[in-house]
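Coordinate inspection notes
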Amino acid sequence: MMTTAEKLNSIEPRLKEKGFLKSVRSGHSVPFYILDYDPADEFMVREYIPLLAEKLNAEGSEITIKEFDLYNMIIECLESKGFLQSALKAEEPRGTLKLIEAIKNTTGLKNEVNMISDKFLENIEPNDVLIVTGVGKAYPILRVHKVLSMLKAHVKYNPLIVMYPGTYISNELSLFGEIDREYYQAFKFILEGDYGNGN
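These remarks concern the structure in this document. (Residues numbered from 1 in each chain as written. Predicted model: local features only at pLDDT ≥ 70, side-chain atom pairs only at ≥ 80, totals over all residues. Heavy atoms only, no water.)

1. Examining unusual backbone geometry
That bond from Y139 to P140 is cis: its omega, 0°, falls within 30 degrees of zero. One can find P140 in the loop between α8 (135-138) and α9 (144-151). (Helix = DSSP H or I, 4+ residues; strand = E, 2+ residues; numbered from the N terminus.)

See below:
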């Protein structure tokens, strides 16, 4: 079984594979991918993705990495609505479930088109590879299947890779390997043994 480090080190060669971007840009299938990893390695992932983006974006290659941290996006949306501080103050007397409901209402997350989807779509260029992080931090306000569902009609020619702290087996997402079992059809970004030790 590949380690998280091996999977992370495999992202760059996978993106640079001949034919990978060409196949994505053909638009024959929705270009959504899951890279699952051990939740214990969350901080390794958080550190690695910005470094990878900086490296590849500086190379002047045909791709540009854009990271979308779901948790940070939620915070930005709440701040833009002037709701963040009042939401934090309301959590203790009203309870977490009421707070989550209020956040979903404020950001429009109950709809397919909402503040989060808008943030994705306003920042996508033709050569972008989208890497989604902050999945565990955003749970349970925003779940991966919701993100993929709301983007599938709009993201057709850009690879979108979800960094997933859990398991993705037989199209079943299991956050932290224990909770939030969801079914969604996406591709595994790295298959076991694809790149050996990840070099």
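The rest of the description comes next.
2. Comments concerning α9
Most of α9 sits out of view: six of its eight residues are buried. Of all the residues in α9, the buried ones are V144, K146, V147, L148, M150 and L151. (Buried < 20%, exposed > 50% of the residue type's maximum accessible area, 1.4 Å probe, protein only.)

3. Notes on the pattern of salt bridges
Any two side chains of opposite charge can pair, so long as their charged atoms come close to each other. If you walk through the whole model with that rule in mind, you get 14 salt bridges. The partner of D36 in a salt bridge is K188, with the nearest N and O atoms 3.3 Å apart. One end of the pair, D36, is in strand β1 (residues 32-37); the other, K188, is in strand β7 (residues 187-188), and 152 residues separate them in sequence. Judged by relative accessible area, which is 27%, K188 ranks as partly exposed. Where K66 meets D128, a salt bridge forms, and the shortest distance between an N and an O atom there is 3.0 Å. Residue K66 is found in strand β2 (residues 64-69), and its partner D128 is found in strand β3 (residues 128-133); the two are separated by 62 residues along the sequence. Among the ionic contacts, a cluster of salt bridges with common partners joins E12, K16, K55 and E59. (Salt bridge = Lys/Arg side-chain N within 4 Å of Asp/Glu carboxyl O.)

4. Details of the nonpolar core
I34, L70, I116, F120 and V162 are the most contacted members of the largest nonpolar core, which has 37 residues in total. Once residues lying within four places of it in the same chain are set aside, the contact partners of I34 are V144, L148, V162, Y164, Y168, L173, A186, F187, K188 and F189. In this structure, L15, L21, A53 and I161 belong to the second largest nonpolar core, which totals 23 residues. (Core = buried A, V, L, I, M, F, W, Y, C linked by side-chain atoms within 4.5 Å. Contact = heavy atoms within 4.5 Å.)

5. Some words on the side chain of N114
Along the chain, N114 falls in the loop between α6 (96-107) and α7 (115-121). A relative accessible area of 4% places N114 in the buried class. Contacts of N114, omitting those with residues within four sequence positions, involve T107, G108, L109 and M150.

6. Section: the environment of K55
For K55, the location among the structural elements is in helix α3 (residues 42-58). Judged by its relative accessible area of 41%, K55 falls in the partly exposed class. Considering only alpha carbons, one finds K55 and E12, 43 residues apart in sequence, at a separation of 9.9 Å. Apart from the residues lying within four places of it in its own chain, the contact partners of K55 are E12 and K16.

7. What to know about the environment of V155
Mapped onto the fold, V155 is located in the loop between α9 and β4 (160-169). The class of V155 is buried, set by a relative accessible area of 1%. Considered as a pair, V155 and G27 are 128 residues apart in the sequence and their alpha carbons are 9.5 Å apart. Among residues more than four places away in sequence, those in contact with V155 are V30, P31, F32, L121, I124 and L130.

Note that all results are geometric; they support no functional claim without further evidence.
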